[in-house]
Amino acid sequence: MQVHNNVIAITGGAQGLGLAIAEHLAQQGAKLALIDLNAGQLEAASAKLADYQTEIRIYAANVADEAQVEQTFNQIQQDFGQLHALINNAGITRDGMFIKAKDGVVSQKMSLSQWQSVIDVNLTGTFLCGREAACKMIENAQPGCIINISSISRAGNIGQTNYSASKAGVAAMTVTWAKELARFGIRSVAIAPGFIGTDMVLSMKPEALSKIEGMIPAGRLGTPQEIAHTVAYLLENDYMNGRVIEMDGGLRL
Ligand SMILES: NC(=O)c1ccc[n+]([C@@H]2O[C@H](COP(=O)([O-])OP(=O)(O)OC[C@H]3O[C@@H](n4cnc5c(N)ncnc54)[C@H](O)[C@@H]3O)[C@@H](O)[C@H]2O)c1
């Protein structure tokens, strides 16, 4: 699939990886629909990308809300008349130990709301946006591509019961969609980033961050631009399907 002139929706497009992906694709002339919960950040992202000679529209929506997602993709269809690709990127962390205990006394456990909030955004949000994007591609009789952002943590990671489960689910949905949607000419692939220099990671405690950097064989965090580069490659390579690409500098949990 070519990037130039094609319509690409990006969830969580207002900052971090989503914004870096948007900038990289805008440079190549893609038409962009940026979806994010944060309306103020979306406006700022739109202003930042204004110099690129391409159409960029913003949509404030919660990816975990079915009605909002349906309405947003209907609006994108109406505004652009097409949808060629979706980057399913919106995600959150609410880290904490599954159980904290000392001497047989449980002092804390991961709350249901801590679990549910991450599952709602990362797993249900990816499901809803992927579903609506695929519906539009099929109704338009248009081949397409869905790229889901999973994580190195999908293998299981301390303090991330909720996040790891959500990202393992995202990887499994990617393979399922590749198998189900191939008959409509729709590909589905995922990227599993390691530690990338966005707010999500840079807001960690400095000691924890430098410990992680020391464990990465590449010797540094990844950059959002390196993830954006991989997104463009996955869009352009029509034989890439149903796989999770690890972008972790050699660090594999
Ligand atoms: N940064 C990393 O190192 C890293 C590593 C592995 C995976 N990831 C994944 O990459 C994706 C992007 O991460 P990031 O580092 O850019 O995070 P970020 O926090 O910088 O940006 C996330 C964006 O998603 C938006 N968002 C959050 N909840 C939303 C919702 N319910 N509906 C719509 N938008 C919502 C936020 O407003 C924000 O703009 C996430 O799925 C994350 O899990 C990041």
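Residues numbered from 1 in each chain as written. Predicted model: local features only at pLDDT ≥ 70, side-chain atom pairs only at ≥ 80, totals over all residues. Heavy atoms only, no water.

Caption draft 1: Region of the structure containing the environment of Q27. Counting through the fold element by element, Q27 comes out in helix α1 (residues 16-27). Put simply, Q27 and L49 are 22 residues apart on the chain and 9.2 Å apart in space, counted from C-alpha to C-alpha. At 3.3 Å, the side chain of Q27 and the side chain of Y52 are in polar contact. (Helix = DSSP H or I, 4+ residues; strand = E, 2+ residues; numbered from the N terminus. Polar contact = N/O pair within 3.5 Å; in protein donor to acceptor, adjacent residues only side chain to side chain.)

Caption draft 2: Structural context of the pattern of salt bridges. As enumerated under the stated definition, the model contains 10 salt bridges in all. The partner of E246 in a salt bridge is R154, and the shortest N-O contact between them spans 3.5 Å. With E246 in strand β9 (residues 244-247) and R154 in the loop between β7 (144-149) and α5 (161-181), this residue pair connects regions lying 92 residues apart in the sequence. Taking relative accessible area as the criterion, R154 reaches 23% and is therefore assigned partly exposed. With a shortest N-O distance of 3.5 Å, D238 and R187 are connected by a salt bridge. A residue pair is termed long-range when its members are at least 10 positions apart, and D238 in the loop between α8 (224-236) and β9 and R187 in strand β8 (residues 186-193) qualify at 51 residues. By relative accessible area, R187 is classed as buried at 7%. (Salt bridge = Lys/Arg side-chain N within 4 Å of Asp/Glu carboxyl O. Buried < 20%, exposed > 50% of the residue type's maximum accessible area, 1.4 Å probe, protein only.)

Caption draft 3: A look at the site of the ligand. Taken together, 27 residues lie around the ligand, and D36, N89, Y163, I196 and T198 are the ones closest in. The backbone of G194 places a nitrogen or oxygen atom 3.4 Å from an oxygen atom of the ligand. I196 places a polar main-chain atom, nitrogen or oxygen, 2.7 Å from an oxygen atom of the ligand. Mapped onto the shell around the ligand, the elements with two or more residues apiece are α1, α5 and α6 (199-202). Considered class by class, the residues forming the shell around the ligand number 14 nonpolar, 11 polar and two charged. (Near = heavy atom within 4 Å. Nonpolar A, V, L, I, M, F, W, Y, C, P; charged D, E, K, R; others polar.)

Caption draft 4: Structural view of the packing of helix α3 (residues 66-80) against helix α4 (residues 112-139). Here α3 crosses α4 at 30°, and the two axes come no closer than 10 Å. The chirality of how α3 crosses α4 is right-handed. Only L128, C129, R131, E132, A133 and K136 of α4 make contact with α3, whose side of the interface consists of E66, V69, E70, F73, N74 and Q77. Of the residues assigned to the contact of α3 with α4, the class counts are five nonpolar, two polar and five charged. (Axes fitted to C-alpha atoms, helices over the stretch in contact; angles between N-to-C directions. Left-handed = near helix turned anticlockwise from the far one by under 90°. Contact = heavy atoms within 4.5 Å.)

Caption draft 5: Quick look at the packing of α4 against α5. Viewed as axis vectors pointing N to C, α4 and α5 meet at an angle of 15°, and their least axial separation amounts to 8 Å. The pairing of α4 with α5 is recorded here as roughly parallel in orientation. For the pair α4 and α5, the sense of crossing is right-handed. In this structure, α4 contributes Q114, W115, V118, I119, N122, L123, T126, F127, G130, A134 and I138 to the contact, and α5 contributes T161, N162, Y163, A165, S166, K167, G169, V170, M173, W177 and L181. Here the contact of α4 with α5 is composed, by residue class, of 13 nonpolar, eight polar and one charged. (Parallel < 35°, antiparallel > 145°, perpendicular 65-115°, else oblique.)

Caption draft 6: Geometry of a nonpolar patch on the surface. On the surface, a cluster of nonpolar side chains totalling about 310 Å² of accessible area is made up of F98, I99 and V106. Tracing the backbone through its elements, the reader meets I99 in strand β5 (residues 99-102). (Patch = residues over 30% accessible without salt bridge, like charges linked within 9 Å, V, L, I, M, F, W, Y side chains within 5 Å. Areas by Shrake-Rupley, 256 points an atom, 1.4 Å probe, with all protein chains shown as cover.)

Caption draft 7: Local environment of the packing of aromatic side chains. This model, assessed by the stated rule, comprises zero aromatic pairs. The cationic tip of R57 hangs over the ring face of F80; the distance from NZ or CZ to the ring centre is 5.7 Å. (Phe/Tyr/Trp six-rings, centres within 6.5 Å; stacked < 30°, edge-to-face > 60°. Lys NZ or Arg CZ within 6 Å of the ring centre and 35° of its normal.)

Caption draft 8: Local environment of the pairing of β8. Burial analysis of β8 places eight of its eight residues in the buried class, which makes it a mostly covered element. Here β8 shows no split at all, with I186, S188, A190 and A192 on one side and R187, V189, I191 and P193 on the other all buried. Each parallel crossover has a hand, and for β7 linked through α5 to β8 it is right-handed. The pairing of β8 with β9 spans four bridges and is classified as parallel. What sits directly across from A190, in β9, is V244. (Right-handed = clockwise from strand over helix to strand, strands pointing away. Pairing = 2+ DSSP bridges.)

Caption draft 9: Inspection of the UniProt feature "domain: Ketoreductase" (unreviewed entry) in the protein at higher detail. Per the UniProt entry, the sites bearing "domain: Ketoreductase" (unreviewed entry) are residues 6-199 in this numbering. End C-alpha to end C-alpha, residues 6-199 measures 29 Å, and it is 45% helix and 22% strand. (UniProt positions renumbered as here; feature names shortened; annotations may be inferred.)

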